[in-house]
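Reading the structure
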Amino acid sequence: MSHLQPLAGQTVLVTGASGGIGAAIAERLSAEGARPIIHYGRDRQRAQALLRKLGGNGLIVQADLSRPDGAFTLWREALAAAGRIHAVVNNAGIRNEISIDADPSDWQAAWQKEFQVNFFAAADLCKEALVHFRQNGGGRIVNMASRAGQRGYAADTMPYGATKAALINLTKSIARSFGRDGVVAVSIAPGWVRTDMAEDFVARHGKDAAVGDIPIGEMAETGEIAELVAFLLRPSQASVNGATFDINGGSYIR
């Protein structure tokens, strides 16, 4: 392991890696010596383009995390392709809007879908990873939470905030329960990050709606998130276990 490649020899499964934060994470991990497993749901072309950008350093696995068996299928295929997985980054997520005035069946469907992708799939991957890590001398889990999971969220996006709060709690439970098995689990809780999702929001509501309560006045860049993920995957970082890293420009407290 060199100073310039602190993640040399690590294979890291990144969910939702074909674009946005996930793609930035895969790029950064590759630059630091790791071999990313690029998971995608629908956009195979973007996943293949990313792998080419990485000079072929990585693997691609498709899985639909909105299906109850999606995460287990993903893990099985990723492990078969890689042989050993050293870390999992649960980055895949969706964010839908549902009003309290919605029809009960629509309301329940929205909550179910959001929890399936954002939390249940991540929990299933954590389960499989933990079994694998215990058998192979440890490993790391990075769960992509959100500022919304720390301070609550807007009226029409309550399911999203709830899934992210659950993810933070799961991370803490894993850290407490499996730290002695060589497992390190951490959460990252970004505020607004400059992604397609954010740009769509800005186009509809204006930039100030997104950054008005962020003291530094700007969204985070995907590269900032990716750099932090890579740092937290370093073998030298052991005592970060169980921590939640706020990366929101100072807006958590406002």
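Residues numbered from 1 in each chain as written. Predicted model: local features only at pLDDT ≥ 70, side-chain atom pairs only at ≥ 80, totals over all residues. Heavy atoms only, no water.

An unreviewed UniProt entry lists the protein under the name SDR family oxidoreductase, from Rhizobium changzhiense. Regarding the protein, the relevant UniProt record gives this comment under Sequence similarities (unreviewed entry): "Belongs to the short-chain dehydrogenases/reductases (SDR) family." (UniProt positions renumbered as here; feature names shortened; annotations may be inferred.)

For the rest of this paragraph, the subject is the environment of Gly249. With respect to the helices and strands, the residue Gly249 is situated in the segment after strand E7 (244-247). Classification of Gly249 as partly exposed rests on a relative accessible area of 25%. Between the C-alpha atom of Gly249 and that of Pro190, which follows or precedes it by 59 residues, the distance is 8.9 Å. In this structure, Gly249 is in contact with Ile214, Pro215 and Ile216, ignoring residues within four places of it in sequence. (Helix = DSSP H or I, 4+ residues; strand = E, 2+ residues; numbered from the N terminus. Buried < 20%, exposed > 50% of the residue type's maximum accessible area, 1.4 Å probe, protein only. Contact = heavy atoms within 4.5 Å.)

Bringing the packing of helix H4 (residues 104-135) against helix H6 (residues 158-178) into the picture now. For the pair H4 and H6, interaxial distance at closest approach is 9 Å and the crossing angle is 15 degrees. Taken as axis vectors, H4 and H6 run roughly parallel relative to one another. Of the two possible hands of crossing, H4 and H6 adopt the one that is right-handed. Between H4 and H6, the residues in contact are Trp107, Trp111, Glu114, Phe115, Asn118, Phe119, Ala122, Ala123, Cys126, Leu130 and Arg134 and Met158, Pro159, Tyr160, Ala162, Thr163, Lys164, Ala166, Leu167, Leu170, Ile174 and Phe178, respectively. In terms of residue class, the contact of H4 with H6 is built from 17 nonpolar, 2 polar and 3 charged. (Axes fitted to C-alpha atoms, helices over the stretch in contact; angles between N-to-C directions. Parallel < 35°, antiparallel > 145°, perpendicular 65-115°, else oblique. Left-handed = near helix turned anticlockwise from the far one by under 90°. Nonpolar A, V, L, I, M, F, W, Y, C, P; charged D, E, K, R; others polar.)

Moving on: H4. Across its 32 residues, H4 extends 44 Å between first and last C-alpha, which sits within 8% of the 46 Å expected from 1.5 Å per residue. When the local axis directions of H4 are compared, the greatest deviation, roughly 50 degrees, occurs at Gln116. Just beyond H4, the residue with positive phi is Gly137, at close to 85 degrees. (Expected span 1.5 Å × (residues − 1). Bend = angle between axes of the 7 residues up to and from the residue.)

Moving on: the environment of Phe133. Along the chain, Phe133 falls in helix H4. Distance in space between the C-alpha atoms of Phe133 and Ile85 is 8.2 Å, their sequence separation being 48 residues. Those residues within four positions of Phe133 in sequence are excluded, and the remaining contacts are Arg84, Ile85, His86, Ala87, Val88, Gly138, Gly139, Arg140, Ile141 and Val183.

Let us look at the pattern of salt bridges. For side chains of opposite charge, pairing can occur when their charged atoms come near one another. Applying the stated criterion across every chain, the model contains 9 salt bridges. As a salt-bridge pair, Asp69 and Arg67 come within 3.2 Å of each other at their nearest N and O atoms. As a salt-bridge pair, Glu128 and Lys127 come within 3.2 Å of each other at their nearest N and O atoms. (Salt bridge = Lys/Arg side-chain N within 4 Å of Asp/Glu carboxyl O.)

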